[in-house]
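Structural overview
Residues per chain are reported as follows:
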Amino acid sequence: MRDQPPPTPHGPAPDLFTWEFAANPYPAYAWLREHAPVHKTKLPSGVDAWLVTRYADARQTLADNRLSKNPAHHDEPAHAKGKTGIPGERQADLMTHLLNIDPPDHTRLRRLVSKAFTPRRVAEFAPRVQELTDDLIDRFTASGSGTADLIHEFAFPLPIYAICDLLGVPREDQDDFRDWAGMMIRHGGGPRGGVARSVKKMRGYLAELIHRKREALPAEPVPGEDLISGLIRASDHGEHLTENEAAAMAFILLFAGFETTVNLIGNGTYALLTHPQQRERLQRALAEGDRGLLETGVEELLRYDGPVELATWRFATEPVVIGGQRIETGDPVLVVLAAADRDPERFADPDTLDLGRRDNQHLGYGHGIHYCLGAPLARLEGQTALATLLTRLPDLRLAADPAELRWRGGLIMRGLRTLPVEFSPPCSGQT
């Protein structure tokens, strides 16, 4: 990390975590990168935390094993009150998941689920993702109105149903998951305590589902076995996976596996609709059967306005120097991925959307041992969703002034509340 001390700030730091900031945080992040690259601030929850905003510092911080994911290294009362982590996870006994643990437990649990996200397994799942994508587009175009809210009618249900299929949640139960997940992504927009209640309901359902699947588990694994059955099989064959760990694993895969993709599709579509030249460039490539620009384009959308604004919580286990700033033992550290991915020291013209950008080692899915396990699935869903939207609805356009759109509250994720669009209704029988 940088040995030189950070520059002396010029004037007061910009206001953070306001509604205006949520709409466009990038100017504030540019100020922090320049004047206070490792900046201590009071979060909306009242917790003091360090924000790391430069790319080089962020990349090294994400891989620093002196920064623990275990909230036990922080102020216990703050976590117990839900001020860090996912609301309700402690009360629901869902703490032992990948976002809250370090090696060796992290290594053991990650190994158990990594086989579900191999390139081969994800490729096998591609037809189902395409089927879900087409079905959702069929639904919102069926009315003939030529309008839709792409968040609620498309970007939100697609990853929910996909991750439910992967986990092995029966189809008849998936709408319950959709309701619980909907409450979870509202953050501060739902009824008081709604997130914690949804987490508790999900925990009860997962415990029951694990029990039912264990009772019906065949002696030998079958091709394409769902992930929950695989976790049960591992726990029953010497991997020492407790029922709480299995439930927490299923919970975090659902939680982390849907909201990031909701925002990837929503933010990505919004970026394309507000950058018509880039959108037309991608449509031409797709029409010619060239998917190369789609692949680099999704990576650029992850960098330009990605679904995860800040990496999840880390806590210093000993004094650490980051960017010339000393961090004390127990201090929370939040890496601002959105700021790092627009660092001009790393990316040429960082505020420009360029779908063909090649040198694009963005941090949108993290770095190091906590790199997002579900990134291959999220990329598949993002590519499938965007390609199908632009192909089937070629004149898709915003149905609202961008200034009127509202972004969801919350610390970690970045996503739109709604994305109203207009389009010419497809002709009868068009696919």
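For the structure itself, look to the data block above.
The following paragraphs examine the structure supplied in this document. Source: prediction; values computed, not measured. (Residues numbered from 1 in each chain as written. Predicted model: local features only at pLDDT ≥ 70, side-chain atom pairs only at ≥ 80, totals over all residues. Heavy atoms only, no water.)

Helix and strand counts for the protein chain come out as 16 helices and 10 strands. Relative to its full complement of 431 residues, the protein chain shows a buried share of 56%. A total accessible area of about 18,500 Å² is found for the protein chain, and carbon and sulfur atoms account for 51% of it. (Helix = DSSP H or I, 4+ residues; strand = E, 2+ residues; numbered from the N terminus. Buried < 20%, exposed > 50% of the residue type's maximum accessible area, 1.4 Å probe, protein only. Areas by Shrake-Rupley, 256 points an atom, 1.4 Å probe, with all protein chains shown as cover.)

What follows covers the sheet that holds strand S1 (residues 38-42). The sheet built from five strands is open, its strands ordered S1-S2-S8-S5-S3 with mixed pairing. Either end of the sheet is taken by a strand with one partner, and the two such strands are S1 and strand S3 (67-68). In the sheet, strand S2 (residues 48-52) pairs with strand S8 (residues 332-335) via three bridges, with the strands oriented parallel. Within S8, the residue paired with Trp 50 across the bridge is Val 333. Each of S1, S2, S3, strand S5 (314-316) and S8 is contacted by helix H3 (residues 55-62), which is oriented at about 125 degrees to S8, the strand it contacts most. (Pairing = 2+ DSSP bridges. Contact = heavy atoms within 4.5 Å. Axes fitted to C-alpha atoms, helices over the stretch in contact; angles between N-to-C directions.)

This part covers the nonpolar core. Counting residues in each nonpolar core, the largest one holds 70 residues, and the members touching the most others are Phe 140, Phe 154, Leu 167, Phe 177 and Leu 419. Take this core: its biggest share by element is 12 residues, from helix H12 (residues 243-273). Discounting chain neighbours no more than four positions away, the residues touching Leu 419 are Ala 148, Asp 149, Leu 150, Ile 151, Gly 266, Thr 269, Tyr 270, Leu 398 and Leu 405. In terms of nonpolar packing, the next biggest core, distinct from the first, is built from 40 residues, Ala 28, Leu 43, Trp 50 and Ala 58 among them. (Core = buried A, V, L, I, M, F, W, Y, C linked by side-chain atoms within 4.5 Å.)

Where burial is concerned, most of S2 is hidden: four out of the five residues are buried. Both S1 and S2 contribute to a ladder of five bridges, which runs antiparallel. Residue pairing for S2: Thr 41 is matched across the bridge by Ala 49. In sequence, S1 turns back onto S2 through a hairpin of five residues, with Gly 46 there showing a positive phi of about 95 degrees.

Moving on, we come to the pattern of salt bridges. Applying the stated criterion across every chain, the model contains 23 salt bridges. Here Asp 165 ties to Arg 171 by a salt bridge, and the two come within 3.1 Å at their closest N and O atoms. One network of salt bridges, with partners in common, ties together Arg 128, Glu 131, Asp 165 and Arg 171. (Salt bridge = Lys/Arg side-chain N within 4 Å of Asp/Glu carboxyl O.)

This next bit is on the sheet that holds strand S10 (residues 420-422). Read from one edge to the other, the open sheet built from three strands follows the order S4-S10-S9, with strand pairing classed as antiparallel. Two strands close off the open sheet at either side, each with one partner strand: strand S4 (147-149) and strand S9 (397-398). Inspection of the sheet shows S4 paired to S10 by three bridges, in the antiparallel sense. By the bridge assignment for S10, Ala 148 is matched with Val 421.

Next up on the list: the environment of Leu 286. For Leu 286, the position within the fold is in helix H13 (residues 276-287). Classification of Leu 286 as buried rests on a relative accessible area of 16%. Leaving out residues up to four positions away in the same chain, Leu 286 has contacts with Leu 294, Ala 387, Leu 390 and Thr 391.

Counted according to the given criterion, the structure contains 11 aromatic pairs. A ring pair is formed by Trp 313 and Phe 315, whose centres lie 6.2 Å apart and whose planes are at 10 degrees; its orientation type is stacked. No difference in accessibility class separates Trp 313 from Phe 315, as the two residues are buried. Grouped by ring-pair contacts, the aromatic residues Phe 17, Phe 21 and Tyr 29 constitute a single cluster. (Phe/Tyr/Trp six-rings, centres within 6.5 Å; stacked < 30°, edge-to-face > 60°.)

Before going further, it helps to examine the side chain of Asn 360. By the element assignment, Asn 360 lies in the loop between helix H15 (337-340) and helix H16 (375-392). Here the side chain of Asn 360 touches Glu 299 through a polar contact of 3.5 Å, landing on its backbone oxygen. Within the structure, Asn 360 has its side chain in polar contact with the side chain of Glu 300 (distance 3.4 Å). Not counting the four nearest positions on each side in its chain, Asn 360 is found in contact with Glu 299, Glu 300, Arg 303 and Phe 347. (Polar contact = N/O pair within 3.5 Å; in protein donor to acceptor, adjacent residues only side chain to side chain.)

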